[in-house]
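Breakdown of the fold
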Amino acid sequence: MIIDAKTIVITLILVVLAFALGLRMVRAFALSIAQENHDANKALDAEEEEKRIKRERDADTAAATAFAKVEPLLSTTTASAIRDTPGKTSLQQQQQQQP
């Protein structure tokens, strides 16, 4: 085998081409892993968002149920709250009641 400039140049070209091909393969593999990771993160985020919305909906339902139970009591306490306005002393309230 004769080693001259022509074989060295051809060998270097083949090595560079093989290196470029290998680099492309590694980059494509890394890109596919990154895309899969991104898709998995999006799926997890969507799942967490769905759970958060469900918890929020459940909390709204619980608040509405609690308010429905308390609402009849509010109408009776509102009348007494108007009668007993804050900031007035009992003497002022008595004077208002006596015309």
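First things first, this report covers the structure right here in the doc.

Rules used throughout
- Residues numbered from 1 in each chain as written.
- Predicted model: local features only at pLDDT ≥ 70, side-chain atom pairs only at ≥ 80, totals over all residues.
- Heavy atoms only, no water.
- Helix = DSSP H or I, 4+ residues; strand = E, 2+ residues; numbered from the N terminus.
- Buried < 20%, exposed > 50% of the residue type's maximum accessible area, 1.4 Å probe, protein only.
- Areas by Shrake-Rupley, 256 points an atom, 1.4 Å probe, with all protein chains shown as cover.
- Salt bridge = Lys/Arg side-chain N within 4 Å of Asp/Glu carboxyl O.
- Patch = residues over 30% accessible without salt bridge, like charges linked within 9 Å, V, L, I, M, F, W, Y side chains within 5 Å.

Turning our eyes to something else, we now look at the overall build of the protein. Within the protein one finds 2 helices and 0 strands. Out of the 99 residues belonging to the protein, those deemed buried represent 1%. Carbon together with sulfur atoms contributes 65% to the accessible area of the protein, which is approximately 9200 Å² in total.

Attention shifts here to the pattern of salt bridges. Here the structure, examined in full by the defined rule, presents 4 salt bridges. Lys51 is paired through a salt bridge with Glu47; the nearest N and O atoms lie 3.6 Å apart. Of the two residues, Lys51 and Glu47 are both situated in helix α1 (residues 5-83); the distance of 4 residues between them amounts to about one turn of the helix. The exposure class of Lys51 is partly exposed, given its relative accessible area of 47%. According to the relative accessible area criterion, Glu47 is partly exposed, its value standing at 41%.

The next thing to look at is a nonpolar patch on the surface. On the surface, Val9, Ile10, Ile13, Leu14 and Leu17 cluster together into a nonpolar patch covering about 470 Å² of accessible area. Its place among the elements puts Ile10 in helix α1.

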